[in-house]
Amino acid sequence: MTQSQQNNDKKLHQTLKAIRKSLLNQPRNIDLIFKKGYVLYLLKKYKMAVDAFSNAIEIKPGFVEAYNARAIVNHELGKFTDAIIDCEKALKIKPEYKESFFNLARSQQKINQTDKAIQNYTKAISLDRNYLKAFLGRAESWKIKNNPEKAVEDYNKAVSIDPSSPIALLNRGVALKQ
């Protein structure tokens, strides 16, 4: 671990300590609970982060960001079905939430639901025509589907959004060779 990473971890632990102290006086403060989950996620304490986001959802069942955050953590844990369920719940509450379409697609891709993943990456892109991560994800799906032409189209769009994106540049080159 580099010195910079150690310093960052130290700051995150200090932040977590302050949040926990504040929660003693405000145990149902939804913003503090969400921040606690986010800090735990950054510290890679994924199971504890899931618990924090679940607590936030229990207090405020319509908290879309908490469903989406829990989906991200479940994805990291390899719990792709749980992540899909959380994204679907978030989208029932907020149907135009591009991040949940993106995270839904990522998890679908992991369980070989590539066609559904492409549909949901496309929905995310329809909500934000410059959604770099969605173009990169959809390009990967096209590669899985053995459609290098469509993959190159998406990588080209990603490069037009961020000409310095090493992922887009490298993967476009790989797709062109297919």
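As a starting point, this report considers the structure included with it. (Residues numbered from 1 in each chain as written. Predicted model: local features only at pLDDT ≥ 70, side-chain atom pairs only at ≥ 80, totals over all residues. Heavy atoms only, no water.)

1. Describing the side chain of S141
Then step 1. With respect to the helices and strands, S141 occurs in helix α8 (residues 132–144).
Then step 2. Using a relative accessible area of 0% as the deciding quantity, one classes S141 as buried.
Then step 3. Setting aside anything within four residues of it in sequence, one finds S141 in contact with Q109, T114, A117, I118 and Y121. (Helix = DSSP H or I, 4+ residues; strand = E, 2+ residues; numbered from the N terminus. Buried < 20%, exposed > 50% of the residue type's maximum accessible area, 1.4 Å probe, protein only. Contact = heavy atoms within 4.5 Å.)

2. Looking at helix α3 (residues 46–59)
Then step 1. Over its 14 residues, α3 runs 20 Å from end to end, which matches the ideal 20 Å to within 8%, given 1.5 Å per residue.
Then step 2. The complete set of buried residues in α3 reads Y46, A49, V50, A52, F53, A56 and I57. Projected onto a plane normal to the axis of α3, the buried residues spread over an arc of 165 degrees and lie on a single side. Projecting away from the buried face of α3 at angles above 90 degrees are the exposed residues K47, D51 and E58. (Expected span 1.5 Å × (residues − 1). Arc of directions from axis to C-beta.)

3. Points about the packing of α3 against helix α4 (residues 64–76)
Then step 1. Here α3 crosses α4 at 160 degrees, and the two axes come no closer than 9 Å. When the axis of α3 is compared with that of α4, the two are roughly antiparallel. In terms of crossing hand, the pair formed by α3 and α4 is left-handed. Together, Y46, A49, V50, F53, S54, A56 and I57 of α3 and A66, Y67, A69, R70, V73, N74 and E76 of α4 make up the contact between the two elements.
Then step 2. Classifying every residue of the contact of α3 with α4 gives ten nonpolar, two polar and two charged. (Axes fitted to C-alpha atoms, helices over the stretch in contact; angles between N-to-C directions. Parallel < 35°, antiparallel > 145°, perpendicular 65-115°, else oblique. Left-handed = near helix turned anticlockwise from the far one by under 90°. Nonpolar A, V, L, I, M, F, W, Y, C, P; charged D, E, K, R; others polar.)

None of the figures reported here should be taken as evidence of function without further support.
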